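# Coordinates in review
As a plain string of letters, each chain reads:
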Amino acid sequence: MRPLLLRSSLLEGIGLPHGFSTAAAGDGRSEAVRAAVARAGGWEGTLATARQLHGTQAHWPLPGEPPAEADALLAGPGLGVAIGTADCVPVLLADPGARLVAAVHAGWRGTIAGVVQAALAEILRAGATPDGLFAAIGPHIGRCCYEVDESLAARFRERFGAGVCEGQRLDLGRCNELLLREAGLTRIERVGGCSRCAVEATGEPRFFSYRREGERAGRLLSFVGLPAAAESELGPRGSGPGEGAARRPGRSVS
Ligand SMILES: [Zn+2]
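In short, a report on the structure.

## Some thoughts on the overall build of the chain
Within the chain one finds eight helices and 15 strands. Taking 18 Å as the expected radius of gyration for a compact globule of 254 residues, we find that the chain reaches 17 Å, a close match to that expectation. In terms of overall dimensions, the chain has C-alpha extents of about 50 × 40 × 30 Å along its principal axes. Split into buried and exposed, the 254 residues of the chain put 50% on the buried side. Considering only residue pairs separated by 6 or more positions, the chain has 66% of its internal contacts joining residues 24 or more positions apart.

Here it is as structure tokens:
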């Protein structure tokens, strides 16, 4: 059977509901698909989503509000955060001790512009620490399939070092991993294969890919959430109930 989602063993290890959906789950822009993916990943509540713009806006959604324009969503306990991708890099962050999570959408524009740094700045400001944070980088277009023009490759080599490009083929996941390491994170996992070329045993594509399918590509959903209850089961630092939520800053920042 084709799996609906992939899991991070790091986030699994700290008992967090989360997941990176596959093409078998369907288009993540559908509400029914979002609900099914959330359930499959152990999340019973709502998932907040965003109108993604390939920018660096970080946002703390409120339950029930319409999707805001943002490429990083952050939350305390009780509200899951989800982003959609089709070749771009999804990054999930969680600090179980500080009771904070984030979902980040990083394409090449967002990676260069600093969306991961924006999300990290925001989650650290809210009380997370580099030592407390776990990060999972989900399925995205691999270096195998991601040829960019020479001027863009040069920009990435200049920023991230020669190792992120092989000729004009760019490893966008590696760039985002380097950004997480620069910020002092050490618990980082990369999950899943290349969104453009990975296939199931049946030969069907495992993921949605904008490069492969163009405008008709569905969206893979990546989400993480902290349950409002069961505080004591999560994290080594054992914050008190509601502490993370109480620290949660209001609304958007750029
Ligand atoms: Zn590939």
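## Some thoughts on the sheet that holds strand S5 (residues 58–59)
One open sheet accounts for six strands, arranged S5-S7-S10-S9-S11-S14; its pairing is mixed. The outermost strands of the open sheet, each flanked by one partner alone, are S5 and strand S14 (187–190). Bridge count between strand S9 (residues 89–95) and strand S10 (residues 100–106): seven bridges; the pairing is antiparallel. The residue of S10 that forms the bridge with Asp95 is Leu100. This element, helix H4 (residues 115–125), spans S5, strand S7 (72–75), S9 and S10 of the sheet and lies at about 165° to S10. Running over the sheet, helix H6 (residues 172–182) touches S9, S10, strand S11 (134–137) and S14 and is turned about 175° from S14.

## Quick look at the nonpolar core
If you look at the biggest cluster of nonpolar residues, it comprises 73 residues, and the most contacted ones within it are Leu73, Leu74, Val81, Ala102 and Ala119. Leave out the neighbours within four places in its chain, and Ala119 touches Ala58, Ala72, Leu74, Leu93, Ala102 and Val104.

## A look at the pairing of S10
The buried count for S10 comes to seven of seven residues, which makes it a mostly enclosed element. Burial along S10 is two-sided: the face carrying Leu100, Ala102, Val104 and Ala106 and the face carrying Val101, Ala103 and His105 are both buried. Where S7 lies against S10, four bridges are found, and the strand directions are antiparallel. Paired with Ala72 across the bridge in S10 is Val104.

## With respect to the sheet that holds strand S1 (residues 5–6)
Spatially, S1-S2-S15-S8-S3 is the arrangement adopted by the five strands of the open sheet, whose pairing is mixed. Only two strands of the sheet have a single neighbouring strand rather than two, namely S1 and strand S3 (47–48). Here strand S2 (residues 18–21) runs beside strand S15 (residues 220–224); their pairing, made up of three bridges, is antiparallel. Bridging across to S15, Phe20 finds its partner in Ser222. Of the strands in this sheet, S1, S2, S3, strand S8 (80–85) and S15 touch helix H2 (residues 31–40), which is tilted by about 50° from S15.

## Thoughts on the environment of Arg219
Mapped onto the elements of the fold, Arg219 is located in the loop between helix H7 (210–213) and S15. Among residues more than four places away in sequence, those in contact with Arg219 are Asp27, Gly28, Arg29, Gly84, Thr85, Ala86 and Phe208.

So, how was this worked out
Counting of residues starts from 1 at the beginning of each chain's written sequence and follows it residue by residue. In keeping with the predicted nature of the model, local features appear solely for residues at pLDDT of at least 70, side-chain atom pairs appear and are counted solely at 80 or more, and the whole-chain, interface and lining totals rest on all residues. Strands here are runs of E lasting at least two residues and helices are runs of H or I lasting at least four, both read from the DSSP assignment and numbered beginning at the N terminus. Each radius of gyration is computed over the set of C-alpha atoms, and the globule rule expresses the reference value as 2.2 Å times the number of residues to the power 0.38. Between the buried cut of 20 or more and the exposed cut of 12 or fewer other C-beta atoms within 10 Å of a residue's own C-beta lies the partly exposed class, and all C-beta atoms are placed from the backbone. Note on contacts: residues are paired as contacts if their backbone-placed C-beta atoms lie within 7 Å. Pairs of strands are assigned from DSSP output, requiring at least two bridges between the strands. Between the N-to-C directions of two axes lies an angle of 0 to 180 degrees, each axis being a line fitted to C-alpha atoms and, for a helix, fitted only over the stretch in contact. Each nonpolar core comprises buried Ala, Val, Leu, Ile, Met, Phe, Trp, Tyr and Cys residues, the members being joined through C-beta atoms within 7 Å.

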